[in-house]
Amino acid sequence: MDRVLINVPKQVTRGVPFEIKILVSHPMESGQRRDQMGQAIPRDIINHFVAMLDGELVLEADFFPAISANPFLSFSAVAEKSGILTLAFTDDKGEVRTETAAVTVG
Amino acid sequence: MKIWASLAAAVLALSAAISPAAEPRRSGYDDSSRETQAMQDDDAGNPAFLWVRQGEALWDQDCKGCHGAAGTLRGVAARYPLFDPRANRLLTLEQRIVQCRTDRMGAPAFAWDDERLLALSALVGLQSRGLPLNAEPREPFLSQGEALFRERIGQLNLSCAQCHEERAGLRLSGATIPQGHATGYPAYRLEWQGMGSLYRRLRNCLNGVRAEVFAPDSPEAAALALYLAVRAKGMRVETPAVRP
């Protein structure tokens, strides 16, 4: 999770849904694969995702295996005023990565 | 790759269906599914931009002092591989970046598959996106590269040309055989679940026909890359492409 790219329109219209697109670098190891020695490779996926807009919950999701490495996420939100979008990702190693992006209502 | 053996035999049996592939030239993009094309078309959805972002950070840290903004390298990637008279050898873009690191920064070389090298070459390649490929057809490298392209190799005894010219557009183990134009490297490949250089792609093809794999810094690798670049002359740089 060392890199997260967040794409939000430069300006959004009050009350009109806009799209948020996210790319996260993560191996999303499914736990189903074995290494060359036949040992199971432990599962390591992003298992939880939360998006908040100025402290208000926009989306919360549990993730399961069978999502590709470096996943792409996209969803819509509606804003009434400008604010800060906060995205939090938790993976199986317990690492939590938090990223923010400005949402500007024009 | 194991399935290639039986399938290649099946492909050869299809010789009646062989089409002369050369024109019009099709990039791997043209032969990709609409979903894969859509991924490449949207920078916000193309996972290769995770590497571009890393490349920007590395550029600011190590390269900007001499080169200024990355945008000043627009057009550079489209001219590679390039003969370097000082080093008296043909250099791929990756080798040029490593040369800057070792000779000008006094830093240790990157291994050919180092993520940082992929990140920097993706960033430099992106500056030329949309420009026509324009490598100098420099001899003797060009002829060496073409000879490698046409020579039958490996246990399957197949040449690059037999797949990428004579059988382009046919299918091999679920994949469409592309014309094999190296327009988008380094590229994000879905099968790799990651980014890879042209060398990595060539290694896959060499392994596929069970041929000996030449080393990343070998004259063969650079000559073949030059032949591919000249063969694709005028086609647009797609870096960073998305491939199945």
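Scroll up to find the structure.
The following refers to the structure shown. (Residues numbered from 1 in each chain as written. Chains lettered and ligands numbered in written order. Predicted model: local features only at pLDDT ≥ 70, side-chain atom pairs only at ≥ 80, totals over all residues. Heavy atoms only, no water.)

Glancing now at the interface of chain B and chain A. Counting residues at the interface gives 13 residues for chain B, matched by twelve residues for chain A. Interface area, chain B with chain A, both sides summed: about 1100 Å², of which 59% is carbon and sulfur. Summed over the three residues of chain B that lose the most area to chain A, namely Ala44(B), Leu50(B) and Gln193(B), the buried surface amounts to 52% of that side. Linking chain B to chain A there are one salt bridge. Where Lys21(A) meets Asp42(B), a salt bridge forms, and the shortest distance between an N and an O atom there is 2.6 Å. (Contact = heavy atoms within 4.5 Å. Buried area = accessible area lost by both parts, 1.4 Å probe. Salt bridge = Lys/Arg side-chain N within 4 Å of Asp/Glu carboxyl O.)

With that out of the way, let us pick up the side chain of Ser121(B). Residue and element names in this part refer to chain B. Along the polypeptide, Ser121 turns up in helix H5 (residues 115-126). Its relative accessible area of 1% is what places Ser121 among the buried residues. A polar contact is formed between the side chain of Ser121 and the backbone oxygen of Leu117, at a distance of 2.7 Å. Residues within four places of Ser121 in sequence aside, it is in contact with Leu93, Glu94, Ile97 and Pro186. (Helix = DSSP H or I, 4+ residues; strand = E, 2+ residues; numbered from the N terminus. Buried < 20%, exposed > 50% of the residue type's maximum accessible area, 1.4 Å probe, protein only. Polar contact = N/O pair within 3.5 Å; in protein donor to acceptor, adjacent residues only side chain to side chain.)

Residues and elements named next belong to chain A. Among the structural elements, His26 can be located in the loop between strand E2 (18-24) and strand E3 (46-53). Distance from His26 to Met1, taken between C-alpha atoms, is 5.1 Å for residues 25 residues apart in sequence. Within the structure, His26 has its side chain in polar contact with the backbone nitrogen of Met28 (distance 3.0 Å).

Residues and elements named next belong to chain B. Here helix H6 (residues 141-150) crosses helix H9 (residues 219-231) at 90 degrees, and the two axes come no closer than 7 Å. Taken together, the axes of H6 and H9 are roughly perpendicular relative to one another. Contacts from Phe141, Leu142, Gln144, Gly145, Glu146, Leu148, Phe149 and Arg150 of H6 reach H9 at Glu220, Ala223, Leu224, Leu226, Tyr227, Leu228, Val230 and Arg231. (Axes fitted to C-alpha atoms, helices over the stretch in contact; angles between N-to-C directions. Parallel < 35°, antiparallel > 145°, perpendicular 65-115°, else oblique.)

Attention now moves to the sheet that holds strand E6 (residues 83-91) of chain A. Adjacent strands of a sheet pair through backbone hydrogen bonds, lying either parallel or antiparallel. Residues and elements named next belong to chain A. Here four strands make up an open sheet; going across it, the order is E4-E3-E6-E7 and the pairing antiparallel. The open sheet is flanked by strand E4 (56-62) and strand E7 (96-103), the only strands paired with a single partner. Averaged over all adjacent pairs, the angle separating strand axes in this sheet is 15 degrees, with direction ignored. In the sheet, E6 pairs with E7 via eight bridges, with the strands oriented antiparallel. Bridge pairing in E7 links Leu85 to Ala101. (Pairing = 2+ DSSP bridges.)

With that out of the way, let us pick up the nonpolar core. All names here are of chain B. Counting 32 residues, the largest nonpolar core has Phe149, Leu198, Val209, Phe214, Leu224, Leu226 and Leu228 as the members making the most contacts within it. Elements that contribute at least two residues to this core include exactly H6, helix H7 (160-166), helix H8 (198-208) and H9. Considering every element that reaches this core, the biggest residue donor is H9, with nine residues. Apart from the residues lying within four places of it in its own chain, the contact partners of Phe149 are Ser159, Cys160, Ala161, His164, Glu165, Leu224, Tyr227, Leu228 and Arg231. Core analysis: the second largest hydrophobic core is formed by 30 residues, Ala70, Leu82, Leu93 and Val124 among them. (Core = buried A, V, L, I, M, F, W, Y, C linked by side-chain atoms within 4.5 Å.)

A word on the sheet that holds strand E1 (residues 4-7) of chain A. Across the sheet, which stays open at both edges, the three strands sit in the order E1-E2-E5 (chain A) with antiparallel pairing between neighbours. Every interior strand has two partners, whereas the edge strands, E1 and strand E5 (72-77) of chain A, have only one. Adjacent strand axes in the sheet meet at a mean angle of 15 degrees, parallel and antiparallel pairs treated alike. Of the strand pairs in this sheet, E2(A) and E5(A) are connected by six bridges, and their pairing is antiparallel. Bridged to Ile22(A) within E5(A) is Leu73(A). Sheet contacts for helix H3 (residues 49-67) of chain B: E1 and E2 of chain A; angle to E1(A), the most-contacted strand, approximately 110 degrees.

Here the focus is the pattern of salt bridges. Residue and element names in this part refer to chain B. The final tally for this structure, using the stated rule, is 20 salt bridges over all chains. A salt bridge links Arg53 to Glu56; the nearest nitrogen and oxygen atoms lie 3.7 Å apart. On the criterion of helical spacing, the pair formed by Arg53 and Glu56 is a turn pair, its members being three residues apart in helix H3. Judged by relative accessible area, which is 41%, Arg53 ranks as partly exposed. Of the residues examined, Glu56 reaches a relative accessible area of 35% and is grouped as partly exposed. For the salt bridge of Glu238 with Arg243, the shortest nitrogen-to-oxygen distance reads 3.1 Å.

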